[in-house]
Amino acid sequence: MNATMTRLNLFAGRAHSAWLILGAALLLVVVPAAAHHGIAGLGAAGLMGPGAPIEAATSATLPRGEVLLYGKLDSARYTTFDPDPANPESDYANYWMAGVGYGFTSWFSGYVFLPYHSKVDEAGGFDTHGFADVSLFGQLGFTYDRGWRLIPENESLDDLEDWHFTVFGGFTLPTGNPNLRDSGGEIDPGKSTGFGNPSYSIGLTATKMLSPRLTFNQELSYIGFQDYRYADGNRTLFGEEVRANSALVYRLYTNMERRFRLDLALEAHYLHLGRDRSNGTPELATGGDMVYGLPGIRVYWHNVSVGLGYKTVLWKDLNEQDEQQGGEGTERHRLLLTFSALF
Amino acid sequence: MCASPRVPFALLLMLCTTVSSAHDYWLDDDGDGYLLYRGHRHSSHQGERIVPYDPAIIQRVTCVSAAGQTERITPARVYPTRIPGPCAALLVEADSGSWTQTLTGTTNQPRDEVFGALRSWHALEGVKRLETWSPALRRSLGGGLELTPTSDPFRLRPGDKLRLVVTLQGRPYAGVTVAYDGEARGVTGDDGRINLRIRHTGTQVITASLDQPTLDSSADKRVRSTALFFDLP
């Protein structure tokens with residue numbers, strides 16, 4: 001969904017539910033989940049195998065019979081423009097995500113994510129907090145080794161150097177609250193913690209170890225939404241989201257005895273947000289295109305992985321750009337913290 | 001097995017790369033035959049280049065001719081053991097007995113005969129050398145831990161994958177750590193298979209090892225190791 005917000009309506013971001021993307025191969029995982037409000041990207045990597053980006057989806061499925069626990073915080077702080085305290089703007093938003101994944105086979109994994117969103121305005125504004133829409137995802141993994149094949153149960157480090165791909169898809173359930181009202185009784189869809197109707201997503205990932213230390217990763221994904229009639233009778237259809245996220249991950253340090261690995265990640269995310277429609281009419285100051293840069297580090301220790309990233313807008317071309325505030329493309333920065341453990 | 005295949009690979013590497021038998025075996029050309037040596041020619045750890053052995057440790061020698069005929073050979077008990085050829089494939093299986101490590105070094109004696117034993121193992125070793133390929137070489141030749149290509153390895157070039165099956169007593173065996181040029185690259189799956197990428201021309205050295213528990217009081221564990229050699233132009 002398009003999270004661009006106008007300065008006028010003071011949107012602070014939207015209640016996007018989690019969507020996931022999986023990452024790489026063996027052991028430790030990094031997850032994404034949730035449109036611009038916390039994309040869950042799953043990635044697994046062993047101490048010597050392919051690296052996993054901080055946020056972009058990777059091409060790893062979970063080992064058969066293993067469970068992944070995932071947590072993520074995507075903390076966005078927005079640029080403000082109007083110093084008038086009578087006109088509070090979106091200040092920051094914290095998009096929390098908890099998830100569980102399971103490897104049904106070596107080539108198919110399933111995930112459930114539960115987001116929690118806090119959207120905070122400057123003093124005097126409208127703050128919302130609450131659990132957002134639960135999302136369900138499935139991921140199918142392939143590799144290319146003398147032809148296309150489903151990811152086998154056992155791969156050597158040399159097998160992991162091959163191209164790996166995944167196709168994933170999922171949807172959200174309207175478990176959040178789309179009808180939160182401010183002090184004036186108004187419903188602001190952008191501040192809600194639910195979409196009202198299921199959204200759906202599909203995507204592709206490709207991953208290749210370019211060298212024993214350097215991994216390339218590419219994600220293409222799409223999220224679509226459905227028109228929803230709110231309790232006040234108005235309808236909103238959020239614009240579609242298209243992502244093309246590229247990443248390079250460099251294995252900086254490995255200590256086999258301590259089962260420790262440190263990676264550096266550099267990601268470039270292209271995001272297209274379609275224009276929202278309100279009661280069937282295109283809404284001004286929504287949608288646009290942008291590119292983010294995301295440097296980060298990822299640490300693996302035993303069966304746990306922690307990632308930390310700093311995400312900033314490198315380029316943007318938003319619709320009615322001067323009128324947008326509090327959404328994608330108008331952040332001062334985003335801080336990303338992910339945790340994953342495989343059992 | 002040292003660990004279940006479901007154990008993460010990185011963990012498996014840590015568990016399984018501590019093979020302490022630590023001696024390489026290899027077969028050198030000797031005219032129309034081969035000489036069996038032991039030492040530290042290919043392994044990454046340090047040690048004497050040649051470590052003499054008692055020829056009595058040799059349990060079985062199997063030679064497969066270019067026509068696919070399998071022959072058991074009983075070599076003369078001399079050191080270094082000479083095995084007559086030519087063989088398209090030659091497999092030597094040995095039992096070098098119990099080894100015990102102490103603070104002062106490692107000795108070829110059972111644990112219960114050594115003072116100050118830190119750890120001990122019973123070493124069962126194998127070495128296979130391929131000269132040419134024939135379909136008969138797709139099956140295992142011996143009874144110990146063994147590495148067998150599933151197709152002609154002499155057609156491979158750097159960058160290609162060597163596809164192997166690891167067997168024990170002739171059956172595929174899971175959970176065996178396999179190394180290329182001494183670097184662990186993976187663990188066999190339930191079907192005993194693993195793929196390794198050829199990195200260079202010249203002599204290809206593939207090794208595998210497996211720790212097994214033992215009730216024998218002379219050693220803490222049984223360590224099976226095997227090596228596969230072949231040359232690529």
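1. A look at the sheet that holds strand β14 (residues 228–229) of chain A
Residues and elements named next belong to chain A.
Consideration 1: Ordered in space as β14-β15-β18-β19, the four strands form an open sheet in which the pairing is antiparallel. Only two strands of the sheet have a single partner each, and these edge strands are β14 and β19 (281–282).
Consideration 2: With two bridges connecting them, β14 and strand β15 (residues 235–237) associate as antiparallel partners. The partner of tyrosine 228 across the bridge, within β15, is threonine 236.

2. A short note on the nonpolar core
Consideration 1: By size, the foremost hydrophobic cluster in this structure holds 46 residues, and its most contacted members are Ala89, Leu90, Val92, Leu164, Val166, Val178 and Ile206 of chain B.
Consideration 2: If near-sequence neighbours (up to four positions away) are discounted, valine 166 of chain B is found in contact with Leu145, Leu147, Pro172, Tyr173, Val176, Val178, Thr188, Gly192, Ile194 and Ala208 of chain B.
Consideration 3: Ala56, Ala57, Leu273 and Leu294 of chain A belong to the second-largest nonpolar core, a separate cluster that totals 14 residues.

3. Let's talk about the sheet that holds strand β2 (residues 33–39) of chain B
All names here are of chain B.
Consideration 1: One open sheet holds the three strands; their spatial order is β1-β2-β5, and the pairing between them is antiparallel. Only two strands of the sheet have a single neighbouring strand rather than two, namely β1 (24–30) and β5 (82–84). The sheet shows a mean angle of 30° between the axes of neighbouring strands, taken without regard to direction.
Consideration 2: For β1 and β2, the ladder comprises seven bridges, and the chain directions are antiparallel. Residue pairing in the sheet places tyrosine 25 in a bridge with arginine 38 of β2.

4. Topic: the pairing of strand β10 (residues 161–168) of chain B
Residues and elements named next belong to chain B.
Consideration 1: When you tally the buried positions in β10, you get six out of eight residues, the bulk of the element.
Consideration 2: Examined bridge by bridge, strand β9 (residues 146–149) and β10 share four bridges and lie antiparallel to one another. Paired with glutamate 146 across the two strands is threonine 167, which belongs to β10.
Consideration 3: Note that β10 and strand β11 (residues 171–172) share two bridges and pair antiparallel. Looking at the pairing, leucine 168 lines up with arginine 171 of β11.
Consideration 4: Taken together, β10 and the strand that follows it, β11, pair antiparallel across an intervening segment of two residues, in which glutamine 169 is found at a positive phi of about 55°.

5. Observations regarding the environment of glycine 39 of chain B
Consideration 1: Among the secondary structure elements, glycine 39 of chain B is positioned in strand β2.
Consideration 2: Non-local contacts of glycine 39 of chain B, meaning those with residues more than four positions away in its chain, are made with His23, Asp24, Glu48, Arg49, Ile50 and Val51 of chain B.

6. Re the confidence of the model for chain A
Consideration 1: Per-chain confidence: chain A averages 85 in pLDDT, with 87% of residues scoring 70 or above.
Consideration 2: Across residues 1–45 of chain A, where pLDDT falls below 50, the model places 298 contacts with residues more than four positions away in sequence or in other chains.

7. Overview of the environment of arginine 222 of chain B
All names here are of chain B.
Consideration 1: Turning to its location among the elements, arginine 222 is positioned in strand β16 (residues 221–232).
Consideration 2: Residue classification places arginine 222 among the partly exposed positions, given that 17 C-beta atoms sit within 10 Å.
Consideration 3: Taking the C-alpha atoms as reference points, arginine 222 and valine 178, 44 residues apart in sequence, are found 17 Å from one another.

8. Brief notes about unusual backbone geometry
All names here are of chain B.
Consideration 1: That bond from tyrosine 79 to proline 80 is cis: its omega, -10°, falls within 30 degrees of zero.
Consideration 2: Mapped onto the fold, proline 80 is located in the loop between β4 (70–73) and β5.
Consideration 3: With omega at 0°, the peptide bond leading from glycine 85 into proline 86 counts as cis.
Consideration 4: With respect to the helices, strands and loops of the structure, proline 86 is situated in the loop between β5 and β6 (89–102).
Consideration 5: In the Ramachandran plot, aspartate 181 falls in the positive-phi region, its phi being about 50° despite a non-glycine side chain.
Consideration 6: Relative to the helices and strands, aspartate 181 is located in the loop between β12 (177–180) and β13 (183–187).
Consideration 7: Note on aspartate 181: 15 C-beta atoms within 10 Å, which makes it partly exposed.

About the criteria used
Residues numbered from 1 in each chain as written. Chains lettered and ligands numbered in written order. Predicted model: local features only at pLDDT ≥ 70, side-chain atom pairs only at ≥ 80, totals over all residues. Pairing = 2+ DSSP bridges. Helix = DSSP H or I, 4+ residues; strand = E, 2+ residues; numbered from the N terminus. Core = buried A, V, L, I, M, F, W, Y, C linked by C-beta atoms within 7 Å. Buried ≥ 20, exposed ≤ 12 C-beta atoms within 10 Å, placed from the backbone. Contact = placed C-beta atoms within 7 Å. Axes fitted to C-alpha atoms, helices over the stretch in contact; angles between N-to-C directions. pLDDT = per-residue confidence, 0-100.

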